[in-house]
Amino acid sequence: RNVMPRDVKAKPSQPPWFERCVQPCVAELLGSSLFIFTGCLAVLEDPGGTGRLQPALAHGLALGVTIAVLGDI
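Residues numbered from 1 in each chain as written. Predicted model: local features only at pLDDT ≥ 70, side-chain atom pairs only at ≥ 80, totals over all residues. Heavy atoms only, no water.

Things to note about the overall build of the chain
Counting its regular elements, the chain contains 2 helices and 0 strands. In the chain, which comprises 73 residues, the proportion classed as buried is 8%. Approximately 6,700 Å² of the chain is accessible, and the part contributed by carbon and sulfur atoms is 66%. (Helix = DSSP H or I, 4+ residues; strand = E, 2+ residues; numbered from the N terminus. Buried < 20%, exposed > 50% of the residue type's maximum accessible area, 1.4 Å probe, protein only. Areas by Shrake-Rupley, 256 points an atom, 1.4 Å probe, with all protein chains shown as cover.)

Next up, the structure:
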């Protein structure tokens, strides 16, 4: 029989290349595009007089919704 001794622990396996390299880049790309899109729309629909408040609220709400929807991932 080929039995490992109890004091020797198995080495944890590394996650696949896709999970280490590609997924973080795709998540960063999607997050950045969401904030750029939201910010541009907030500035385009500026009714006047809101100044910097409307884009700030738009980005804050987009971040809150993203965390609420994707927080478990």
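That was the structure; now back to the text.
Some thoughts on a nonpolar patch on the surface
On the surface, Phe37, Leu41 and Leu44 cluster together to form a nonpolar patch covering roughly 340 Å² of accessible area. Relative to the elements of secondary structure, Leu44 occurs in helix α1 (residues 17-44). (Patch = residues over 30% accessible without salt bridge, like charges linked within 9 Å, V, L, I, M, F, W, Y side chains within 5 Å. Salt bridge = Lys/Arg side-chain N within 4 Å of Asp/Glu carboxyl O.)

Details of α1
End to end, α1 covers 40 Å across 28 residues, agreeing with the expected 40 Å (1.5 Å per residue, within 8%). Within α1, the axis deviates most sharply at Gln23, by approximately 30°, and proline Pro24 lies no more than four positions further along. Every buried residue of α1 is accounted for by Thr38, Gly39 and Ala42. (Expected span 1.5 Å × (residues − 1). Bend = angle between axes of the 7 residues up to and from the residue.)

Description of the state of the cysteines
Overall, the coordinates contain 0 disulfides when judged by the stated rule. Just so you know, Cys21 is unpaired, no disulfide at all, and the nearest cysteine sulfur is the one on Cys25, 7.3 Å from it. (Disulfide = S-S within 2.5 Å.)

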